[in-house]
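# Summary of the model geometry
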Amino acid sequence: MFEKILIANRGEIAVRIIRACRDMGIRSVAVYSKEDAKSMHVQLADQRVCIGEGPARNSYLNMDRIITAARNVGADAIHPGYGFLSENSDFVRRCEENGISFIGPAADVIDRMGNKSQARKTMMDAGVPVVPGTKEPVYDAVEGKKQAELIGYPVMIKASSGGGGKGMRVARDDGEFEFQFNMAQRESANAFGDDTMYIERFMENPRHVEIQIMADSQGHVVALGERDCSVQRNHQKLIEESPSPAINGATREEMNRCAVLAAKTVGYTNAGTIEFIVDQEGRFYFMEMNTRIQVEHGVTEMVTGTDLIVEQIRVAMGEPLSFSQKDIGIRGHAIECRINAEIPGQNFMPSPGKVTHLHLPAGNGVRVDTGLYTGYSIPSEYDSMIAKVIVHAPDREAAIRKMNSALNEMVVSGVETNLDFQFQIMHHPVFVKGKADTGFIEKIMAVH
């Protein structure tokens, strides 16, 4: 049993993990930058340690300071949340070297699946359907162009260590490939410290559907159904829902099977997500695996009745999963809207500042994950997401109505947000009919 867990993250996910620790009777430790000194996660934790200031590289990405903090407070384990160091195998090894449990998969598994090009190769060998593309990593534009010609344009250039839409560029022909490759490689090096790339065929306007899995050290792997994450802007998800309106029962069953196969192939433990794209004909292809908990995990929790953070901690303590595959069923429909401090009318420019008034929606089937409070100053140094509004209802139509009500009730004054923009999406006939694909925002709503 862990007695104390250090949370190597901030914002709403840190708050979420602290609450799970409380439910389990485990003490929590918050790390924070000077800009986050008055953040909710700092106030809620049992202990707190300042680890720097300014950009994340000086604090939330500083392995030395986080490990030192964990040792100084006597933490048994570190929960990385998502982003930051959550998929950094070097950090996992540092934890192991210092006798600290990492709440997530083993370092070698992150290397195999957290690296996107390596994951593609592993899935190809396992027989999981993969988007046509390179099997080996690509290091320069000259080699990349040769591979792109073999694959056939248009192609997607992706960072092997990527995530969050960074290090991703589309090249539609030979003439623009070198420029797009170099831009993606530069973004990857800046964001992840890794300029290794891979290339795959670019599919126009597919659906983005992912399967949540949980696995324990006893070899049990359970698929907890899918989330449709097709409503995106620049590869950043805006809305997630479960179940997906785009797939039928047979496809769902096969996607779950492939997700379990993928996890078992690499000896995976803890929470993970197998991400697929689904083409216009309903065929699905492995895209990547996220070797961590996802921003949108609450959607799955609402339709399955599970607590994925608690389950992560239990698995990290060596306990078996508290449920089996036969225990998991999808009940009703859940939708999540990500609320960001940004200005949609100005190319979604971030809008940091002080929250002068806050009212959060509530009621049966309504959940808000946030670190906001009245008087809180949103810093400019970090991601603009400030809250997640999640609703659950008996069916999709009822869930949309409930989300409309929740968005209409929510008030965030003092900063600009995308609340109205999310409200518009909920009323758009293409979304209402369940037909929104990954090109929905740019092409149908004409937002660039």
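Each remark here, short or long, concerns the structure printed above.
Residues numbered from 1 in each chain as written. Predicted model: local features only at pLDDT ≥ 70, side-chain atom pairs only at ≥ 80, totals over all residues. Heavy atoms only, no water.

### Regarding the overall build of the protein
To be explicit about the condition: We count a stretch as a helix when DSSP gives it H or I for four or more residues in a row; a strand needs E for two or more, and each element gets its number in order from the N terminus. Atoms counted for the radius of gyration: C-alpha only. Globule rule: 2.2 Å times the number of residues to the power 0.38. For every residue, the accessible area (1.4 Å probe, protein chains only) is compared with the maximum for its type, and the residue is labelled buried under 20%, exposed over 50%, or partly exposed between those bounds. Here a residue-residue contact requires only that any non-hydrogen atoms of the pair lie within 4.5 Å. Areas reported here follow the Shrake-Rupley algorithm with a probe of radius 1.4 Å; residue values treat only the protein chains shown as occluding. Asp and Glu are treated as the negative residues and Lys and Arg as the positive ones, with His and the ends of the chain left uncounted. The atoms used to mark charge sites are NZ of Lys, CZ of Arg, CG of Asp and CD of Glu.
What the protein contains, in helices and strands, is 15 helices and 22 strands. For the protein, the C-alpha radius of gyration of 21 Å lies close to 22 Å, the compact-globule estimate for 448 residues. If you line up the protein on its principal axes, its C-alpha atoms span 55 × 50 × 45 Å. A buried classification covers 58% of the 448 residues belonging to the protein. Of the contacts made within the protein by residues no fewer than 6 positions apart, 64% connect residues no fewer than 24 positions apart. As displayed, the protein offers around 17,500 Å² of accessible surface, 47% of which is attributable to carbon and sulfur atoms. Of the side-chain charges in the protein, 49 are positive and 59 negative, and the distance between the mean point of each set is 2 Å.

### Structural notes on the pattern of salt bridges
Rules: The rule for a salt bridge is simple: a side-chain nitrogen of Lys or Arg has to be within 4 Å of a carboxyl oxygen of Asp or Glu.
Across all of its chains, the model carries 33 salt bridges by this definition. E226 is paired through a salt bridge with R252; the nearest N and O atoms lie 2.9 Å apart. Of this pair, E226 sits in strand β10 (residues 221–233) while R252 sits in helix α9 (residues 249–265), and the two are 26 residues apart along the sequence. Linking E275 and K237 is a salt bridge whose minimum nitrogen-to-oxygen distance equals 3.6 Å. Pair noted here: E275 is in strand β12 (residues 270–278) and K237 is in strand β11 (residues 236–242), with a separation of 38 residues, a long-range link. Overall, E275 belongs to the buried group, its relative accessible area being 2%. On the basis of relative accessible area, K237 is assigned to the buried category, the value being 12%. Members of the salt-bridge network, linked through shared partners, are E12, R16, E301, D307, R367, D369 and K388.

### Things to note about the sheet that holds strand β2 (residues 27–32)
Inclusion rule: Should DSSP find at least two bridges between two strands, the strands are regarded as paired. Simply put, an axis is a line fit to the C-alpha atoms, just over the touching stretch for a helix, and the angle between two N-to-C directions goes from 0 to 180 degrees.
With parallel pairing, 5 strands are arranged side by side in an open sheet as β3-β2-β1-β4-β5. With one partner strand each, in any of the chains shown, β3 (47–50) and β5 (101–102) form the two edges of the open sheet. Judged from the 4 bridges that link them, β2 and β3 form a sheet pairing that is parallel. Counted as the bridge partner of V31 is V49 from β3. This element, helix α3 (residues 63–73), spans β1 (4–7), β2, β3 and β4 (77–79) of the sheet and lies at about 160° to β1.

### A word on the side chain of S230
Stated formally: Here a polar contact is recorded for every N or O atom pair within 3.5 Å, except that within protein the pair must consist of a potential hydrogen donor and a potential acceptor, and residues adjacent in sequence are included only if both atoms are side-chain atoms.
Turning to its location among the elements, S230 is positioned in strand β10. A residue is classified by how much of its surface remains accessible, and S230, at 1% relative accessible area, is buried. A polar contact is formed between the side chain of S230 and the side chain of R207, at a distance of 3.2 Å.

### Side note on the environment of G144
Residue placement: G144 occurs in helix α7 (residues 141–151). The spatial distance from the C-alpha of G144 to the C-alpha of I199 is 7.3 Å, given a sequence separation of 55 residues.

### Side note on the layout of surface pockets
The line we're drawing: Put plainly, a pocket is an open set of points on a 1 Å grid over the protein atoms alone with protein on both sides within 12 Å along at least five of seven lines, a cavity is a set where a 1.4 Å probe fits but cannot get out, and a lining residue has an atom within 4 Å of a point. Grid points are joined across faces, edges and corners, and a volume is the space filled by probe spheres set on the points. Under the scheme applied, nonpolar residues are Ala, Val, Leu, Ile, Met, Phe, Trp, Tyr, Cys and Pro; charged residues are Asp, Glu, Lys and Arg; polar residues are all the others, including Gly.
A volume near 230 Å³ is recorded for the second largest pocket. Considering the residues around the second largest pocket, the lining is formed by 13 residues, among which R207, A246, Q280, G434 and K435 are closest to the centre. Class assignment of the residues belonging to the lining of the second largest pocket gives a composition of 4 nonpolar, 4 polar and 5 charged.

### Regarding the nonpolar core
Where we set the bar: Here the nonpolar core consists of buried residues drawn from Ala, Val, Leu, Ile, Met, Phe, Trp, Tyr and Cys, with membership extended through side-chain atoms lying within 4.5 Å.
Of all hydrophobic cores here, the largest spans 37 residues; its most connected members are V231, I239, I339, V412, I425, M426 and F431. Only β11, β14 (333–340), β19 (366–370), β21 (385–393), α12 (396–409), α13 (419–427) and α15 (440–444) provide two or more residues apiece to this core. The biggest single contributor to this core is α12, with 6 residues. Those residues in contact with I339, other than ones at most four positions away along the chain, are S384, M385, I386, A387, V389, L407, M410, T417, N418, L419 and Q422. Judged by nonpolar contacts, the second largest core, of 32 residues, contains F2, A14, A45 and L308.

### Structural notes on helix α5 (residues 107–114)
As a reminder, the rule being used: The directions considered for the arc are those from the helix axis to the C-beta atoms.
Every buried residue of α5 is listed here: A107, V109, I110, M113 and G114. Taken end-on, α5 shows its buried residues confined to a sector of 155°, consistent with a single buried face.

### Focus on α13
Among all positions in α13, only L419, F421, Q422, I425 and M426 are buried. Burial along α13 is one-sided: seen end-on, the buried residues are contained in an arc of 160°.

### Overview of the sheet that holds β19
Across the sheet, 8 strands lie side by side as β13-β12-β9-β10-β11-β14-β21-β19; this open sheet has antiparallel pairing. Every interior strand has two partners, whereas the edge strands, β13 (284–290) and β19, have only one. Neighbour-to-neighbour, the strand axes of this sheet turn through a mean angle of 25°, independent of strand direction.

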